[in-house]
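# Understanding the architecture of this molecule
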2 protein chains.
Amino acid sequence: MFKIILRFGLLALLLGILLELSNYSISNRSYYSEFLVAIAAVGLVAFGFVLRKYIITKTSYLKDEFAPNERKIQLLQISSREMEVLTVMAEGFSNIEIADKLFVSESTVKTHVSNLLSKLEAKRRTEAIKKAKEYGIIK
Amino acid sequence: MFKIILRFGLLALLLGILLELSNYSISNRSYYSEFLVAIAAVGLVAFGFVLRKYIITKTSYLKDEFAPNERKIQLLQISSREMEVLTVMAEGFSNIEIADKLFVSESTVKTHVSNLLSKLEAKRRTEAIKKAKEYGIIK
DNA sequence: GAACATTTCATACTAAAGTATGAGCCGTGT
DNA sequence: ACACGGCTCATACTTTAGTATGAAATGTTC
């Protein structure tokens, strides 16, 4: 992360120097004045262009260090056990498989899922998963 | 599309004028010389920054930097219609809802889903959705 | 044009998912 | 102590989802 900031900082500095250079050459009416300005301009545009990509990829990188949206979880009144069910459910497991993983009965899982559906205002588990992801409460 | 090109063209022109202006003011050693250059530089970076977004979003089939993994789709022998079903299915819709959206019967959707499950080696639609996302064939 | 994949649909199943209701247990807090 | 929320489970039921099979209409490819 610091590496990227450093890289972009250096690039920005370089472009700044280029601009300054063109300033001086303009004052001196050098041959390369217009040329240098053009290069600096193109460089700056490219800088912004690439910057966006890095910002986007690096923020999606931060999604890997996934922190569930606790606010939303509390707002929807989703309990910790429901969260566990939701997480395993999103992995594509059936109710019985979830039950085995959490050491409870299928009935219990069904109850949790049913509660999750109403809390997430979803009609199906697929819809619940989609919404939960949109809310950032699961990855 | 032309609208966007026009907009960006105008913006680029404006930035060019700004640069030229700063050139002149530098020659004249005006108070605003450095200031103008800085504004032009920031403008150019912003230009590139926004440009990327527009290029990506306006090339429509590349939404949010997402390009479906065509190689994987072909490898798994998933047909175009199956892809459509998969996409809508991942949005959390039921078979009947998918059928309505694609103007086919529920039977047809069931067939497609069933084929998708075997092709994706999934036991349930939730698992299929998860795998499809991992493979990068849906977002 | 014959072979082949795709898309469509139906029928008849079985298997899951989801709903509704009631109930017992366990902590926490008033 | 008692109310409350969370977790557990069961039974009974309805609704979807998923499988199997067959079949017909399209394209596509060699």
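In the block above lies the structure referred to throughout.
## Some points on the protein's contact with DNA strand C
DNA strand C sits among 18 residues. The nearest are Lys 110, Ser 114 and Arg 125 of chain A together with Ser 79 and Ser 105 of chain B. Within 4 Å of the protein, the contacting atoms of DNA strand C are 71% sugar and phosphate, with bases supplying the remainder. Note that a phosphate oxygen of DNA strand C is positioned 3.1 Å from one of the backbone N or O atoms of Asn 95 of chain A. Here a phosphate oxygen of DNA strand C and a side-chain polar atom of Ser 80 of chain B are 3.0 Å apart. Of the residues assigned to the surface near DNA strand C, the class counts are three nonpolar, 10 polar and five charged.

## Remarks on helix H4 (residues 80-90) of chain B
Three or more residues of H4 of chain B are buried, namely Glu 82, Met 83, Val 85, Leu 86, Val 88, Met 89 and Ala 90 of chain B. Against the buried residues of H4 of chain B lie helix H7 (125-134) of chain A together with helix H3 (70-75), helix H5 (95-102), helix H6 (106-119) and helix H7 (125-135) of chain B. Positive backbone phi, at 95 degrees, marks Gly 92 of chain B, one or two positions downstream of H4 of chain B.

## Remarks on the packing of aromatic side chains
A complete count under the given rule lists zero aromatic pairs over all chains for this structure. Across from the ring centre of Tyr 135 of chain A, 4.4 Å away, lies the NZ or CZ of Lys 72 of chain A, which sits over that ring. Here Lys 101 of chain B stacks its cationic end above the ring of Phe 93 of chain B, 4.3 Å away from the centre of that ring.

## Focus: unusual backbone geometry
Residues and elements named next belong to chain B. With a phi angle near 60 degrees, Phe 103 is a residue other than glycine that sits in the positive phi range. Relative to the elements of secondary structure, Phe 103 occurs in the loop between H5 and H6. For Phe 103, a relative accessible area of 77% translates into the label exposed. The phi angle at Glu 121 is positive, at roughly 55 degrees, despite the residue not being glycine. Summarising the element assignment, Glu 121 is placed in the loop between H6 and H7. On the basis of relative accessibility, which here comes to 63%, the residue Glu 121 falls in the exposed class.

## Observations regarding the protein's contact with DNA strand D
Taken together, 18 residues sit near DNA strand D, with Ser 79 and Ser 105 of chain A together with Lys 110, Ser 114 and Arg 125 of chain B positioned nearest. When the atoms of DNA strand D within 4 Å of the protein are sorted by group, sugar and phosphate make up 73%. Separating a base oxygen of DNA strand D from a side-chain N or O atom of Lys 110 of chain B is a distance of 2.7 Å. Breaking the surface near DNA strand D down by element, the ones donating at least two residues are helix H4 (80-90) and helix H6 (106-119) of chain A together with H6 of chain B. Tallied by class, the residues present in the surface near DNA strand D amount to three nonpolar, 10 polar and five charged.

## Examining the pattern of salt bridges
The full count for this structure, using the stated rule, is 12 salt bridges over all chains. Two residues, Glu 134 of chain B and Lys 130 of chain B, come together in a salt bridge whose shortest N-O distance is 3.5 Å. Here the residue Glu 134 of chain B and the residue Lys 130 of chain B both occupy positions in helix H7, the gap between them amounting to four residues, near one helical turn. Glu 134 of chain B gets classed as exposed once you look at its relative accessible area, which sits at 55%. A relative accessible area of 24% means that Lys 130 of chain B is categorised as partly exposed. Salt bridges linked by common partners bring Glu 91 of chain A together with Lys 130 and Glu 134 of chain B together as one network.

Analysis parameters
Residues numbered from 1 in each chain as written. Chains lettered and ligands numbered in written order. Predicted model: local features only at pLDDT ≥ 70, side-chain atom pairs only at ≥ 80, totals over all residues. Heavy atoms only, no water. Near = heavy atom within 4 Å. Polar contact = N/O pair within 3.5 Å; in protein donor to acceptor, adjacent residues only side chain to side chain. Nonpolar A, V, L, I, M, F, W, Y, C, P; charged D, E, K, R; others polar. Buried < 20%, exposed > 50% of the residue type's maximum accessible area, 1.4 Å probe, protein only. Helix = DSSP H or I, 4+ residues; strand = E, 2+ residues; numbered from the N terminus. Contact = heavy atoms within 4.5 Å. Phe/Tyr/Trp six-rings, centres within 6.5 Å; stacked < 30°, edge-to-face > 60°. Lys NZ or Arg CZ within 6 Å of the ring centre and 35° of its normal. Salt bridge = Lys/Arg side-chain N within 4 Å of Asp/Glu carboxyl O.

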